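Below, each chain spelled out in residue letters.
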Amino acid sequence: RPRALVTTTPRGGCEALARILAAADTVTSGGSSRDNPHLPAAFLEAVEAAYAGTRMGREEIGGEWIAEVAGSLWPVALLERSRGAMPAREALVRVAVGVDPPAGPEGTCGIVACGLDGEGVAWVLADHSASGLSPEGWARKVAAACEVHGADRVVAEGNQGGEMVRAVLRSAGIALPVTLATATKGKGARAEPVAGLFESGRARLAGRFEALEAELGAMVPAGYAVPGASPDRADAMVWALWALCLAPRAEPRVWGV
């Protein structure tokens, strides 16, 4: 029974390690540096200060395996390069909350707040997504997100429920304009121009959003690379950034009488 014991700091993007981990007879165990009782508290404080909130910190301190999806629209390097400090609320000229309603009571409602600053840079401000809520429950979460971030618009996918989505949001006390966006293209086609905003520096992450970033990392031009799953958080972010940066705007006109 030949066997091998391999110990390593996880490194996403290593194909050899990915194959080993995917093997049916591979047994994995792991842990965080915080679980090691022999590390001095001063050392942990120092490495946390230096690497907390970075990919290296998640790997070196948290012991996470961050797999890279081939062809990802948001590879890890792009997400790390796009990370920045939360802008002051008064620096934002527009704020939109994107909503991807769940298909059923057990699903996740994607709720992501994004803002546009005076320099034309869009920021992902927060992920308020929640699972297992009734329509009234997730609508109240959307209303709370709007209040927290001072939103001036809600953009919700209308494919699931259509006008019912608008009615549910209105019943939660949302008096803001509600735009129902209709998904006429595949998820990958909708996401590509938004990924381009990140590549050009016109969109950034105001912090770390692990669940959202995991979905973004699995978005590829053909769609979502996780079989049987739905990128609810990513979809909500795409709708919000589309409304802020990519939606066509009506040109001013002069009407003659």
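No experiment lies behind these values; they were computed from the predicted model shown.

### Quick notes on the pattern of salt bridges
- The full count for this structure, using the stated rule, is eight salt bridges.
- Residues Asp-235 and Lys-187 are paired through a salt bridge, measuring 2.6 Å at the closest nitrogen-oxygen approach. With a gap of 48 residues between them, Asp-235 in helix H9 (residues 232–246) and Lys-187 in helix H7 (residues 187–199) connect regions that are remote in the sequence.
- Bridged by salt links that share partners, the residues Glu-80, Arg-83, Arg-208 and Glu-213 form one connected network.

### Description of the environment of Glu-215
- For Glu-215, the location among the structural elements is in helix H8 (residues 210–217).
- Overall, the relative accessible area of 11% leaves Glu-215 in the buried class.
- A sequence separation of 141 residues divides Glu-215 from Trp-74, and the C-alpha atoms of the two residues are 9.2 Å apart.
- For Glu-215, the contacting residues outside a window of four places in its chain are Tyr-224, Ser-230, Pro-231, Asp-232, Arg-233 and Ala-234.

### Topic: the packing of aromatic side chains
- Taken as a whole, this structure holds two aromatic pairs when the rule is applied.
- With 5.8 Å between their ring centres and 80 degrees between their planes, Trp-74 and Phe-198 make a pair best called edge-to-face. Of this pair, Trp-74 sits in the loop between helix H3 (55–60) and helix H4 (76–81) while Phe-198 sits in helix H7, and the two are 124 residues apart along the sequence.
- Of the residues examined, Trp-74 reaches a relative accessible area of 1% and is grouped as buried.
- Among the residues examined, Phe-198 registers a relative accessible area of 3% and is labelled buried.
- Between Trp-239 and Trp-242, the ring centres sit 6.1 Å apart and the planes meet at 85 degrees, which makes this aromatic pair edge-to-face. Of the two residues, Trp-239 and Trp-242 both sit in helix H9, three residues apart, roughly one turn of that helix.
- Residue Trp-239 is classed as buried on the basis of its relative accessible area, which comes to 5%.
- Classification of Trp-242 by relative accessible area gives partly exposed; the value is 29%.

About the criteria used
Residues numbered from 1 in each chain as written. Predicted model: local features only at pLDDT ≥ 70, side-chain atom pairs only at ≥ 80, totals over all residues. Heavy atoms only, no water. Salt bridge = Lys/Arg side-chain N within 4 Å of Asp/Glu carboxyl O. Helix = DSSP H or I, 4+ residues; strand = E, 2+ residues; numbered from the N terminus. Buried < 20%, exposed > 50% of the residue type's maximum accessible area, 1.4 Å probe, protein only. Contact = heavy atoms within 4.5 Å. Phe/Tyr/Trp six-rings, centres within 6.5 Å; stacked < 30°, edge-to-face > 60°.

Keep in mind these values describe shape, not function.
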